[in-house]
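# Reading the structure
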Amino acid sequence: MSSELITLLSTTLTFFSIYVILSLSLNLEYGFTGIPNFGKVFFFSLGAYVTGTFVPRVMHFLFQIDEPICSATASTKRIVLGIQEPAALMMIFIMSLILSGIIGAVVGYILSYPSLKLRGDYLAISLLIVAELCRVFVRTEPSIVCGTNGIGGLPNPFIWIEDAITKEVSYSTLSATIAFLTYFFIQRIVNSPYGRVLKSIRDDELASQLLGKDVKKFKSEVLMFASSLSAIAGCLYAFFIGFVYPDDFIIVWTMYAWLMLLLGGVGNNRGVVLGSLVMVMIDRGLRRIPSFWLSLPFDISYLRGIIFMVLLLVIIMYRPRGIFPEKPLETPAKKVFETFIRNSLKFKKNNLINSSE
Amino acid sequence: MSESLLYLQEVTKSFGGLKAVNKVSLKIPEKSIIGLIGPNGSGKTTLFNLISGVLYPDSGQIFFRGLRIDRMPPHERFKLGLCYAFQIPRIFRGMTVLENTMVSLKKQLGEQFLIAPFRRKWINQEVKNAERVLSVLEDAQLVNLYDKLSSELSGGQIKLLQLVRTITSEPKLFLLDEPGAGVAPSLAKEIFRKISRLRDEEDLTFFIIEHRLDLLFDIVDKVYVMNRGEIIAEGRPEEIIENSKVKEAYLGG
């Protein structure tokens, strides 16, 4: 394989992993618990902001860089130091992942209060506004991530690897591992009595309460966990592209996460992973098409949006429950029933044979 | 008060200027079947909502098993053994019959976020629970439908499922809002026979709203009659039928 193709594939894999984490956490919130989180980009950007705030300051403190954090020389220095000090860099990377996760969880917990009071559309609109306000705030407040300019010079944790391809592949493998762990963990949680309670909250909150479920507790746990995951995805994204730029975190991210969810199937994790794959292929694929290939009356970057919207319409019209519709949970209780039914059928068959003799 | 399972003292709830429940006091002794009747809009369902925790009373006190519960959230009242079946069944429509029944079981280890991912820790309990649910569903003739979405069931089956799923949770007191409404006569009879059997065999207590007096009066020990938010009469079924106030407000003629 040519090195260009490997780079393309590994970039795609990294984006795929980030999308998977985002859409799976949204599926946990909306598909299983019924919380319409239209502020997905807020929790995602949170991870990036934490990274953009934490990494430069820690590096400046550790290595005593004198230049102001936002300056171009400082950002070059950070990259150089990243290459020279792999161990410290890895530590900083792991710490930012953990810190993003913790701060995501804390903010998720705080925002679980309005989500308990507000219902459906109102919550969706409020979260949408929170996300947008946060972006405007961060871009106008220079002390966080240098305002409109954004902050650069976040060294990739594998920047010290000399071979460019190995560097790329290492990072995408790491992201994919985190995405896989997320999938595995969410599948585990959902196919358990816990997942059963979440679904009951989604279907009828009051009835669930009257069956002894502490809806408040479950909702805040889900929001904490899902926000923490989104923030981790944001941290991975920030380290991948190497800078944090507030205007990057517009509503489109939220819409992408929802599109992946609706495309794959609400309430079906496997479907959501497939949805993410479709999205990332279209997204990355279109970026690779040089504009002279197609003669379009508009800029080629608009083509993406058009394709996504058409896709959304087609899905809603012809497969409203997604490519893989929701399925009953795979709990041990189901297995008990399956064996019982199978055995009773066998018993009936044997009886028929005996009576005919 | 000590021998009564549920005890209401001057419970009041108003919506705007309307006093939906006005200073209602009543006692439900253990292992009894008590009926609640009255014209439409007399506050029967509101009273049930107050007892179960869907609504909180404006004033008055509610005691259940000796504990004051009128400010307790509904999920804690359920844990004490208070069970509510709505008039229009509120089942979980996106879940199967099995999931609907399993979710109502109490004290499930796997319902804790940190334990749920570790199957080994809760699988034994889950299997035991499933076996219990199996016998209950077999009894209600729903076992072959276990993997069906509950929204695909017929009206009568949905009503049955709502009753059945609460039985597995070892309740002490059942609040049933019109268990016989919208159900074929034969199934309604079956449901009432079952209620009476459950009281005798499992020592459960029932508080039932019902308009089909023929079915209700066969099994109840005592009946309360509500009109405009107030209890206007109480007594044994044969006394209630003869009561002039009840005739005027509810029975007609």
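Residues numbered from 1 in each chain as written. Chains lettered and ligands numbered in written order. Predicted model: local features only at pLDDT ≥ 70, side-chain atom pairs only at ≥ 80, totals over all residues. Heavy atoms only, no water.

## As for the state of the cysteines
Residue and element names in this part refer to chain A. To be explicit about the condition: Any two cysteine sulfur atoms lying within 2.5 Å of each other are counted as a disulfide. Counting from the N terminus, the helices are the DSSP runs of H or I reaching at least four residues and the strands are the DSSP runs of E reaching at least two. Buried residues are those whose accessible area, probed at 1.4 Å on protein chains only, stays under 20% of the maximum for their type, while exposed residues exceed 50% and partly exposed ones sit between those limits.
Throughout the structure, instances matching the rule amount to one disulfide over all chains. The side chain of cysteine 70 participates in a disulfide bridge whose partner is cysteine 146; the two sulfur atoms lie 1.9 Å from each other. Between cysteine 70 and cysteine 146, the disulfide has an S-S torsion of -90° and is therefore left-handed. Within this pair, whereas cysteine 70 is found in the loop between α2 (40–63) and α3 (72–84), its partner cysteine 146 is found in the loop between α6 (142–145) and α7 (164–190), the two being separated by 76 residues in sequence. Using a relative accessible area of 47% as the deciding quantity, one classes cysteine 70 as partly exposed. Residue cysteine 134 stays outside any disulfide, its sulfur separated by 16 Å from that of cysteine 146, the closest cysteine.

## Thoughts on the environment of valine 190 of chain A
Residue and element names in this part refer to chain A. As a reminder of what qualifies: In this description, contact between two residues means that some pair of their heavy atoms is separated by no more than 4.5 Å.
Its location among the elements puts valine 190 in helix α7. Judged by relative accessible area, valine 190 falls into the buried class, the value being 1%. Sequence separation between valine 190 and threonine 331 is 141 residues, and the spatial gap between their C-alpha atoms is 9.1 Å. When sequence neighbours within four positions are dropped, the list of residues in contact with valine 190 reads Leu28, Phe32, Gly195, Arg196 and Leu329.

## Let's talk about the interface of chain A and chain B
What counts, and what does not: Buried area: the sum, over both parts, of the accessible surface (1.4 Å probe) that disappears when the two are put together. Just to be clear on terms, a salt bridge is a Lys or Arg side-chain nitrogen sitting within 4 Å of an Asp or Glu carboxyl oxygen. Throughout, the ten residues Ala, Val, Leu, Ile, Met, Phe, Trp, Tyr, Cys and Pro are labelled nonpolar, Asp, Glu, Lys and Arg are labelled charged, and all others, Gly among them, are labelled polar.
Each partner contributes residues to the interface: chain A has 39 residues there, and chain B has 45 residues. Together, the buried faces of chain A and chain B total about 3900 Å²; carbon and sulfur atoms form 70% of this surface. Of all residues in chain A, Leu210, Leu211 and Phe337 of chain A give up the largest surface area on contact with chain B, accounting jointly for 20% of the area buried on that side. Put simply, chain A and chain B have four salt bridges between them. The partner of aspartate 204 of chain A in a salt bridge is arginine 90 of chain B, and the shortest N-O contact between them spans 2.7 Å. Those elements that place two or more of their residues in the side of chain A that touches chain B are α7, α8 (193–203), α9 (205–210), α10 (215–241) and α14 (332–356) of chain A. Tallied by class, the residues present in the side of chain A that touches chain B amount to 19 nonpolar, seven polar and 13 charged.

## So, the packing of aromatic side chains
All names here are of chain B. Condition: Centre distance within 6.5 Å is the pairing criterion for rings of Phe, Tyr and Trp, where only the six-membered ring of Trp is used; planes under 30 degrees apart are then read as stacked, over 60 as edge-to-face, and the remainder as tilted.
Tallied over the entire structure, the rule returns 33 aromatic pairs over all chains. Judged by centre distance (4.6 Å) and plane angle (35°), the ring pair of tyrosine 84 and phenylalanine 86 falls under tilted. With a relative accessible area of 11%, phenylalanine 86 lands in the buried category. Measuring from centroid to centroid gives 5.1 Å for phenylalanine 174 and phenylalanine 206, while their planes differ by 5°, and the two rings are stacked. Placement of phenylalanine 174 in strand β7 (residues 173–177) and of phenylalanine 206 in strand β8 (residues 205–209) is noted, with a sequence separation of 32 residues between them. According to the relative accessible area criterion, phenylalanine 174 is buried, its value standing at 2%. Take phenylalanine 206: its relative accessible area is 1%, and that puts it in the buried class.

## Side note on the confidence of the model for chain B
Low pLDDT means the predicted atomic positions in that stretch should not be read closely. Our working definition: pLDDT expresses how confident the predictor is about each individual residue, on a scale running from 0 to 100.
Looking at chain B as a whole, the pLDDT averages 88, with 98% of positions reaching at least 70. For this predicted complex, the interface confidence score (ipTM) comes to 0.88, while the overall pTM stands at 0.91.

## Digging into a nonpolar patch on the surface
Residue and element names in this part refer to chain A. Definition in use: Patch membership is restricted to residues that have no salt bridge and whose relative accessible area is over 30%. Joining uses 9 Å for like charges and 5 Å for the nonpolar side chains Val, Leu, Ile, Met, Phe, Trp and Tyr. Areas reported as accessible are Shrake-Rupley estimates using a 1.4 Å probe. Residue values count occlusion only from the protein chains shown.
On the surface, Trp293, Leu294, Leu296, Phe298, Tyr302, Ile306, Val310, Leu313, Val314, Met317 and Tyr318 cluster together to form a nonpolar patch covering roughly 1200 Å² of accessible area. Its location among the elements puts leucine 296 in the loop between α12 (269–288) and α13 (301–318). Since its relative accessible area comes to 32%, leucine 296 is described here as partly exposed.

## Quick notes on unusual backbone geometry
All names here are of chain A. At glutamine 64, a residue that is not glycine, the phi angle is positive and equals roughly 50°. Looking at the element boundaries, glutamine 64 is found in the loop between α2 and α3. In the Ramachandran plot, cysteine 146 falls in the positive-phi region, its phi being about 60° despite a non-glycine side chain. Under the relative-accessibility criterion, cysteine 146 is labelled buried at 7%.

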